[in-house]
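What the coordinates show
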Amino acid sequence: MIARFGGAGGQAVDVSALTEREREVAAWVATGRSNDEIAAELAVSPATVRTHVGRAMLKLNARDRAQLAVFAIRAGLTVRRESDS
């Protein structure tokens, strides 16, 4: 499914244009969490999460949230929880 919907023929995705927070939010999107759930994890508002998701999608030219998740997975983005620090 990732190959079909991810675009770029299964190649790695360059996420260097994303801010650190956009990378973090994209990684959370890849876990299947909603904006509200991501906001709770990051201690920010859902509106802030929506902004980061939207900007990441624009920068990566992702058609939708599912494609953003695929790009995050291909780029090797992973979630870091505060307890992991």
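Above this text sits the structure in question.
Residues numbered from 1 in each chain as written. Predicted model: local features only at pLDDT ≥ 70, side-chain atom pairs only at ≥ 80, totals over all residues. Heavy atoms only, no water.

Counting residues in hydrophobic clusters, the biggest one holds 22 residues, and the most contacted among them are Val-29, Val-53, Leu-60 and Leu-68. Among the elements of the structure, helix H2 (20-30), helix H3 (35-42), helix H4 (46-60) and helix H5 (65-74) are those that each provide at least two residues to this core. Among residues more than four places away in sequence, those in contact with Leu-60 are Val-13, Asp-14, Val-15, Leu-18, Leu-68 and Phe-71. (Core = buried A, V, L, I, M, F, W, Y, C linked by side-chain atoms within 4.5 Å. Buried < 20%, exposed > 50% of the residue type's maximum accessible area, 1.4 Å probe, protein only. Helix = DSSP H or I, 4+ residues; strand = E, 2+ residues; numbered from the N terminus. Contact = heavy atoms within 4.5 Å.)

Even without glycine at this site, Ala-43 takes up a positive phi of about 60°. Mapped onto the elements, Ala-43 comes out in the loop between H3 and H4. A positive phi angle, close to 60°, is found at Asn-61, a residue other than glycine. Mapped onto the elements, Asn-61 comes out in the loop between H4 and H5. Given a relative accessible area of 65%, Asn-61 falls into the exposed group.

It is worth spelling out the packing of H3 against H4 at this point. Contact geometry for H3 and H4: axes closest at 8 Å, N-to-C directions at 105°. In this view, H3 runs roughly perpendicular relative to H4, as classed from their interaxial angle. Together, Asn-35, Asp-36, Ile-38 and Ala-39 of H3 and Pro-46, Val-49, Arg-50 and Val-53 of H4 make up the contact between the two elements. Classifying every residue of the contact of H3 with H4 by side-chain character gives 5 nonpolar, 1 polar and 2 charged. (Axes fitted to C-alpha atoms, helices over the stretch in contact; angles between N-to-C directions. Parallel < 35°, antiparallel > 145°, perpendicular 65-115°, else oblique. Nonpolar A, V, L, I, M, F, W, Y, C, P; charged D, E, K, R; others polar.)

Our next topic: the pattern of salt bridges. Applying the stated criterion across every chain yields a total of 3 salt bridges. With a closest N to O distance of 3.1 Å, Glu-20 and Arg-23 form a salt bridge. In this pair, Glu-20 and Arg-23 both sit in helix H2, 3 residues apart, roughly one turn of the helix. (Salt bridge = Lys/Arg side-chain N within 4 Å of Asp/Glu carboxyl O.)

On to the packing of H2 against H4. At their nearest, the axes of H2 and H4 sit 9 Å apart, and the two run at 95° to each other. In terms of orientation, H2 lies roughly perpendicular with respect to H4. Packed against H2, whose contacting residues are Arg-21, Glu-22, Val-25 and Val-29, the element H4 presents Val-49, His-52, Val-53, Arg-55, Ala-56 and Lys-59 at the interface. Along the lines of polarity and charge, the residues of the contact of H2 with H4 split into 5 nonpolar, 1 polar and 4 charged.

Let us look at the side chain of His-52. Note on placement: His-52 falls in helix H4. Contacts of His-52, omitting those with residues within four sequence positions, involve Arg-21, Glu-22 and Val-25.

This part is about the side chain of Asn-35. Looking at where Asn-35 falls in the secondary structure, it is placed in helix H3. Here Asn-35 falls in the buried class, since its relative accessible area comes to 17%. Not counting residues up to four positions away in its chain, the partners in contact with Asn-35 are Pro-46, Val-49, Arg-50, Val-53 and Arg-65.

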